[in-house]
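Secondary and tertiary structure notes
Below, each chain spelled out in residue letters.
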Amino acid sequence: MNETVVVTQGDGATGASPTSSASSASDRADLRPESIQDAVIRLAGNSQDGIQTAGAFLARLAGRSEHDVMTYMTIPATISGGPSIFQVRIGSGEVLSAGDEADFLVAFYQHSYQDHIDFLREGGVLLYDSDNVEPNLDDKRFVYVGVPITGLTVEALGGTAKDKGKNIFVLGLIAKIFNLDVDKLKKLVAEKFAGKDESIVNTALMAFQAGYAYPVGKVLTHHYRFEHIPRASGRAQITMDGNQALAYGLIAAGVRYGAGYPITPWSSIMETLRRELPKYGGIFVQAEDELASVSIAIGCSYSGYLAVTGSAGPGISLKAEAIGWASMAEIPLIVCNIQRGGPSTGLPTNVEQSDLHQAIFGSHGDSPRVVLAPSSVEDCFYIAIEAARIARKYSTPVFILSDTSLATRIEAFDEPDLPKLMQNPKPDLTPRQTHKPYPIDQITQHVPPGTRILDGKYPLLAGLEHDEMGHPTGSPKLHMAMTAKRRNKLRKLAEEIPVPEVYGDQEGDTLMVGWGSTYGPIHDAAKMARENGEKVGALHLRHLHPLPNGLEKIFAKFKRIVTVEMNDQGVYGFGQLATILRARYCEPKIQSVTKTDGLTFRVKEILDRVFKGRSFAARNIPRDGAAIVHTGTAPENVKSLKEVVPQGVG
């Protein structure tokens, strides 16, 4: 095949040479690997191209290679598919966010190039399919590497391949450029397609090998290699997305039963639990609708086995009546809400944090429930264990507020100590002399149905207001007492919740407060602001309702408190968390930075809005080594592929 390779360097040098004359480029290329600590790689194409699969291979390889990793992806909401990206950030140190800018952009189509070239940092590498993309080579900001990806894939796999396999071809190219572990990658590919026809595995490996064998020395002046920094914990790493971590956390917490109804982005938790729970003697039921699913879960919890249900915002609305019943009857229950853009069908594949008020207040009457939010993929695992502990101890519904960002992104983290964490509680059917399920002065603890009550006075459960034995009552005095009882157990919980630690300055001008998946960008923004002379702290809340006691003492040490949230400022000008904090503490210095564009926060975006008028990027203070500038060979002692603001996602 007579392909043409176009290379444009950062200094403006351009050239085109046929394959037969590529030796001159190879002669000048320095192919010794240059050590780097960090790189952001963005794959841009269509959802049908399998770029999520290729990106996931890179992320899982990073985890198996003891590197830190975080990913970001966008998926079209239409069944027919459409433009999509997968971004992976690999680092030898701690990675808290997926990258404000890409160091390496792979563009499969013209629209991929046009839509994402502005996310490539100056001096970054654009690898494009020269069969489908015509870049503007007059723009000298980038290194242009044109490879006929489609044609070479068809040539390697045969004419029937068409567009299939070019994602794996590109994976091979990236493996060569970044000196990735080929054996581990091939093993991951084989594992991915295990159980399918052997020809599928062979075809994928052929595409990978074709990409890896491509002579990149004639189109790039350098290879890169991630430095290996031994992890302090010494524990093995696991790599998974947030929904997987949440599902396995539920299993570790002893949840064996559940029910749900499919909806994006909750569905993959259902699928994992439906596959895994039978291995532990349990079952997960796909019900006919949302109300049926939550009712089945409540029935399982009533039987003595803590159960789970879940959905996204629209489905939680449909479950609201039954969740109110669980609050009144004081039934332990875990409810997962994997938030997405709303209201209604809204932005079903985009991220938002707009269900906080729904989780806390979304019921008729005074219906107290606990609300938790994980801050990372790893925390999705541990938040499930915390939710189960609280649900059992306080006999209450517990909401877990995750979101699309956490659900779909992949991270590597230390393998949990499962022998210490695994629980498998059984219903206690020990006979009781007597049992009062709703004592006014104690926290409700139900006995499983079938337990013998020796005095013959068996309790009742109902959605009606009740006395201490569960018998329905219309007594104004009892309703007030029972309402206070249900409220006060959450106050008791607040006393045991640890006050979150403040990252950065313990007192000063600004305290940034966040919850959920904004953890990484907020902490990176706080770090950068402090490096630029600001007195800044960051605080992240996992327990959103009830709030931990003692926050007011932290707030008093800062001149202003700014919540960073992915929801609307509302009628009164404050995000949902800010509204709650202002109501709780009557503190006018609480402000908020909000947005509803369906994208996660970029670090620069937080800095520009929290510190309005003070541009940290403009100060251009280098950190963690210089960025690579592609002007021939790479500079000596390069430690990073990143710019001044390399975190967050746009």
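Shown above is the structure to which this text applies.
Residues numbered from 1 in each chain as written. Predicted model: local features only at pLDDT ≥ 70, side-chain atom pairs only at ≥ 80, totals over all residues. Heavy atoms only, no water.

Considering the overall build of the protein chain
Definition in use: In this text, helices come from DSSP runs of H or I with a minimum length of four residues, and strands from runs of E with a minimum of two, each type numbered from the N-terminal end. Working definition: with a 1.4 Å probe on protein chains only, accessible area under 20% of the residue-type maximum means buried, over 50% means exposed, and in between means partly exposed. Contacts are residue-level and defined by heavy atoms, with any inter-residue pair within 4.5 Å sufficient. The accessible surface values rely on the Shrake-Rupley method and a 1.4 Å probe; as for residues, cover is taken only from the protein chains in view.
Secondary structure assignment for the protein chain yields 21 helices and 24 strands. Here the protein chain, with 650 residues, has 57% of them falling under the buried criterion. By sequence separation, contacts in the protein chain at least 24 residues apart represent 73% of the contacts at least 6 residues apart. Total accessible area on the protein chain is roughly 26,100 Å²; 52% of this is exposed by carbon and sulfur atoms.

Looking at the packing of aromatic side chains
Any pair of aromatic rings gets described here by the distance separating the centres and the angle formed by the planes. Selection rule: Planes of paired rings set the category: under 30 degrees apart is stacked, over 60 is edge-to-face and the rest tilted, where pairs are Phe, Tyr or Trp rings (Trp by its six-membered ring) whose centres lie within 6.5 Å. A ring is considered to have a charge above it if a Lys NZ or an Arg CZ atom is located within 6 Å of its centre and within 35 degrees of its normal.
One pass over the full model with this rule turns up nine aromatic pairs. A ring pair is formed by W266 and F284, whose centres lie 6.3 Å apart and whose planes are at 45 degrees; its orientation type is tilted. Remark: F284 occurs in strand β13 (residues 283-286) and W266 occurs in the loop between β12 (257-260) and α9 (267-276); sequence separation between them is 18 residues. Centre to centre, the rings of F555 and Y585 are 5.5 Å apart; their planes meet at 85 degrees, and the pair counts as edge-to-face. Here Y585 lies in helix α19 (residues 576-585) and F555 lies in helix α18 (residues 551-555), a separation of 30 residues in the sequence. By relative accessible area, which is 14% here, Y585 ends up buried. Here a set of aromatic residues connected by ring pairs shows up, and it is made of F104, F178, Y224 and F226. Across the ring face of F119, the terminal group of R42 is positioned such that the distance to the ring centre comes to 4.6 Å. Sitting over the ring of F574, R582 keeps its end group 3.9 Å from the ring centre.

A word on the pairing of strand β24 (residues 590-594)
It is a general feature of regular strands that their side chains alternate between the two faces of the sheet. The following threshold applies: By the convention used here, strands pair only if DSSP detects at least 2 bridges between them. Seen with its strands pointing away from the viewer, a crossover is right-handed if its path from the first strand over the helix to the second goes clockwise.
Pairing analysis gives five bridges linking strand β23 (residues 558-565) to β24, with the strands arranged parallel. What sits directly across from E565, in β24, is T594. Once the chain exits β23 it traverses α19 before rejoining the sheet at β24, and the crossover so formed is right-handed.

Quick look at the sheet that holds strand β16 (residues 370-372)
What counts is decided by this rule: As a rule, the C-alpha atoms of each element are fitted with a line to give its axis, helices using only the stretch in contact, and angles between N-to-C directions run from 0 to 180 degrees.
If you walk across this open sheet you meet the seven strands as β13-β12-β14-β15-β17-β16-β22, and the pairing is mixed. Lying at the two open borders of the sheet, with one neighbouring strand each, are β13 and β22 (543-545). In this sheet, adjacent strand axes meet at a mean angle of 25 degrees when their direction is disregarded. Across the face of the sheet, α9 comes into contact with β12, β13, β14 (307-311) and β15 (333-339) while running at roughly 135 degrees to β13.

Remarks on the nonpolar core
Note the threshold: In plain words, nonpolar cores are sets of buried Ala, Val, Leu, Ile, Met, Phe, Trp, Tyr and Cys residues tied together by side-chain atoms within 4.5 Å.
Formed by 55 residues in total, the largest nonpolar core has its most connected members in F104, V147, I174, F178, L180 and L185. M270, A312, F381 and I383 belong to the second largest nonpolar core, which has 43 residues in total.

Considering the packing of helix α4 (residues 149-157) against helix α5 (residues 166-177)
The criterion, for reference: Note that the term roughly parallel is reserved for angles under 35 degrees, roughly antiparallel for angles over 145, roughly perpendicular for angles of 65 to 115, and oblique for everything else. In this classification, Asp, Glu, Lys and Arg are treated as charged, Ala, Val, Leu, Ile, Met, Phe, Trp, Tyr, Cys and Pro as nonpolar, and every other residue, Gly included, as polar.
Orientation of α4 relative to α5, taken along the N-to-C sense of each, is 105 degrees, at an axis distance of 9 Å. In terms of their interaxial angle, α4 and α5 are classed as roughly perpendicular. Together, I149, T150, L152 and T153 of α4 and K166, F169 and V170 of α5 make up the contact between the two elements. Looking at side-chain class alone, the contact of α4 with α5 contains four nonpolar, two polar and one charged residues.

A look at the sheet that holds strand β20 (residues 508-515)
Pairing between the strands of a sheet comes from backbone hydrogen bonds, and it takes one of two forms, parallel or antiparallel. Ordered by their spatial adjacency, five strands build an open sheet running β19-β21-β20-β23-β24, and the pairing between neighbours is mixed. Two strands lie at the open edges of the sheet, namely β19 (503-504) and β24, each paired on one side alone. Relative to strand β21 (residues 536-541), helix α17 (residues 519-531) is tilted by about 170 degrees, and along the sheet it contacts β19, β20, β21 and β23. Relative to β23, α19 is tilted by about 140 degrees, and along the sheet it contacts β20, β21, β23 and β24.

So, the pattern of salt bridges
Cut-off, in case you're wondering: In the sections that follow, a salt bridge refers to a side-chain nitrogen of Lys or Arg positioned within 4 Å of a carboxyl oxygen of Asp or Glu.
All told, the structure shown has 24 salt bridges when counted by the stated rule. Residues E411 and R409 are paired through a salt bridge, measuring 2.7 Å at the closest nitrogen-oxygen approach. For the pair E411 and R409, a shared accessibility class is recorded, and that class is buried. One salt-bridge network, in which partners are shared between bridges, spans E386, R389, K393 and E496.

Thoughts on the pairing of strand β8 (residues 120-129)
Among the 10 residues in β8, nine count as buried, and that is most of the element. Strand direction decides the pairing type here: strand β7 (residues 102-107) and β8, joined by five bridges, are parallel. Within β8, the position partnered with A107 by the bridge is Y128. Handedness of the crossover joining β7 and β8 through helix α3 (residues 110-116) is recorded here as right-handed. With five bridges connecting them, β8 and strand β9 (residues 143-147) associate as parallel partners. Bridging across to β9, L127 finds its partner in V145.

Description of the side chain of T396
You can see T396 is positioned in the loop between α13 (377-394) and β17 (397-403). Overall, the relative accessible area of 1% leaves T396 in the buried class. In contact with T396, not counting residues within four places along its chain, are I331, P332, L333, P368, R369, V370, I390, A391 and K489.

Let's talk about unusual backbone geometry
Apart from glycine, the bulk of residues carry a negative phi angle, and the bulk of peptide bonds sit in the trans form. The linkage connecting G342 with the following residue, P343, adopts the cis geometry, with an omega of 0 degrees. For the bond from H545 to P546, the omega torsion is 0 degrees, close enough to zero to count as cis. Counting through the fold element by element, P546 comes out in the loop between β22 and α18. For E330, which is not glycine, the phi dihedral falls at a positive 55 degrees. Note that E330 resides in the loop between α11 (313-329) and β15.

It is worth stressing that arrangement in space is one thing and function is another; only the former is reported here.
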